[in-house]
Amino acid sequence: MNDFVEAIPTIIERAGWLAPLIFILLHLIRPFLFLPVIVVCIAGGYFFGFFYGSLYSLIGLTLMSFFFYKVVNYFPPIQNRFSKMKQRIFKNRQLTHGQVMILRMLPFVHFHLLSLYLMEMTSSFKEYMKYSFGGLILPAMLFTAFGQAISEMSLTGSIITLTALGIIFYLMGQRGTTTYKWDKFFTSRSRSRMSE
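Values in this document were obtained by computation on a predicted structure and should not be read as measured data.

**Regarding the side chain of Arg104**
Here comes step 1: Of note, Arg104 is situated in helix α5 (residues 97–104).
Here comes step 2: Arg104 sits in the buried class, given a relative accessible area of 6%.
Here comes step 3: Within the local environment of Arg104, its side chain forms a polar contact with the backbone oxygen of Phe111, the two atoms lying 2.9 Å apart.
Here comes step 4: In this structure the side chain of Arg104 is engaged in a polar contact, spanning 3.1 Å, whose partner is the side chain of Ser115.
Here comes step 5: Arg104 has contacts with Ser65, Phe111, Leu114, Ser115, Leu118, Gly135, Leu136, Pro139 and Phe143, leaving out every residue within four places of it along the chain.

Structure representation (structure tokens):
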């Protein structure tokens, strides 16, 4: 498996006009390779530049959200597994759409748990896809353009970035009836990394 992951850059470089399709496919098989979303988006920026890397990542992540919805609906045991994981990590917390979109920009939060939240918050597949697509635009652009800088940022820069996102996250929660316990959120960080 490690050999395959290490060979991916070479495969994309030599793929020619098929490279975008292979990259989008990489987004779909990413969970099976245990690759974080941010790593794949950084690769998109490296291989295709900001515009096309963001575009291909947005397509790949949107397709991933689409397939997640279909798979979870057709296979209830998978939904039960993710529901148990969600219960273990987030307890009974309810989030607003805005909070889910902010969490999408944090690279250590499990991608599919947020998709499960969106499934539970929306009343139809169309509404789910609308919020999924809208919530993926900024992360795709951010990770493609600045993913490497964020992952290598100094401690001070990381604290400032997380504080700014935390304030926005808190303000989004004030618009609804949601309450959120920060200590449990940050203790779930390591668990969500392991589960992704």
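What follows continues from the structure just given.
**A look at the confidence of the model for the protein chain**
Here comes step 1: When pLDDT is averaged along the protein chain, the result is 75, and 73% of the positions lie at 70 or above.
Here comes step 2: Mean pLDDT across the secondary structure elements of the protein chain bottoms out at helix α9 (residues 182–195), with 46, and peaks at helix α3 (residues 37–74), with 88.
Here comes step 3: Here residues 176–196 is a poorly scored stretch, pLDDT under 50, and it has 42 contacts once near neighbours within four places are set aside; other chains count.

**Thoughts on the nonpolar core**
Here comes step 1: Phe68, Phe82, Val100, Leu103, Val109, Met119 and Tyr128 are the most contacted members of the largest nonpolar core, which has 19 residues in total.
Here comes step 2: With 6 residues, helix α6 (residues 111–121) is the single largest residue contributor to this core.
Here comes step 3: Filtering out sequence-adjacent residues up to four positions away, Phe82 remains in contact with Phe68, His110, His112, Leu113 and Leu116.
Here comes step 4: Grouped together as the second largest cluster of nonpolar side chains are 12 residues, Ile12, Ile24, Leu26 and Tyr56 included.

**As for the packing of α5 against α6**
The description of two packed helices rests on the angle between their axes and on the distance between the axes.
Here comes step 1: The interhelical angle for the contact between α5 and α6, taken along N-to-C directions, is 165 degrees, at an axis separation of 10 Å. Taken together, α5 and α6 sit at an angle that is classed as roughly antiparallel. Considering how the two elements wind past one another, α5 and α6 form a crossing that is left-handed. Here His97, Val100, Leu103 and Arg104 of α5 come into contact with α6, specifically with Phe111, Leu114, Ser115, Tyr117, Leu118 and Met121.

**Here's the deal with the environment of Ser132**
Here comes step 1: With respect to the helices and strands, Ser132 occurs in helix α7 (residues 125–151).
Here comes step 2: Residue Ser132 is classed as buried on the basis of its relative accessible area of 0%.
Here comes step 3: Between the C-alpha atom of Ser132 and that of Leu118, which follows or precedes it by 14 residues, the distance is 7.4 Å.
Here comes step 4: The contacts of Ser132, once residues within four sequence positions are left out, are Ser65 and Leu118.

**Concerning α3**
Here comes step 1: Under the 1.5 Å per step criterion, the end-to-end length of α3 is only 24 Å for 38 residues, more than 12% shorter than the ideal 56 Å.
Here comes step 2: Roughly 125 degrees is the biggest bend found in α3, and it falls at Gly49.

**Side note on the packing of α3 against α6**
Here comes step 1: Following both chains from N to C, one finds α3 and α6 inclined at 50 degrees, their axes separated by 10 Å at the closest point. One element, α3, and the other, α6, form an angle in the oblique class. Where α3 crosses over α6, the handedness of that crossing is right-handed. On α6, the residues touching Val37, Leu61, Met64, Ser65, Phe68, Tyr69, Val72 and Asn73 of α3 are Phe111, His112, Ser115, Leu116 and Met119.

**Quick notes on the environment of Met141**
Here comes step 1: As for its position among the elements, Met141 is in helix α7.
Here comes step 2: Classification of Met141 as partly exposed rests on a relative accessible area of 34%.
Here comes step 3: Residues Met141 and Met105, spaced 36 residues apart in sequence, show a C-alpha to C-alpha distance of 10.0 Å.

**Quick notes on the environment of Tyr117**
Here comes step 1: Mapped onto the fold, Tyr117 is located in helix α6.
Here comes step 2: Sequence separation between Tyr117 and Tyr128 is 11 residues, and the spatial gap between their C-alpha atoms is 9.8 Å.

Basis of the calculations
Residues numbered from 1 in each chain as written. Predicted model: local features only at pLDDT ≥ 70, side-chain atom pairs only at ≥ 80, totals over all residues. Heavy atoms only, no water. Helix = DSSP H or I, 4+ residues; strand = E, 2+ residues; numbered from the N terminus. Buried < 20%, exposed > 50% of the residue type's maximum accessible area, 1.4 Å probe, protein only. Polar contact = N/O pair within 3.5 Å; in protein donor to acceptor, adjacent residues only side chain to side chain. Contact = heavy atoms within 4.5 Å. pLDDT = per-residue confidence, 0-100. Core = buried A, V, L, I, M, F, W, Y, C linked by side-chain atoms within 4.5 Å. Axes fitted to C-alpha atoms, helices over the stretch in contact; angles between N-to-C directions. Parallel < 35°, antiparallel > 145°, perpendicular 65-115°, else oblique. Left-handed = near helix turned anticlockwise from the far one by under 90°. Expected span 1.5 Å × (residues − 1). Bend = angle between axes of the 7 residues up to and from the residue.

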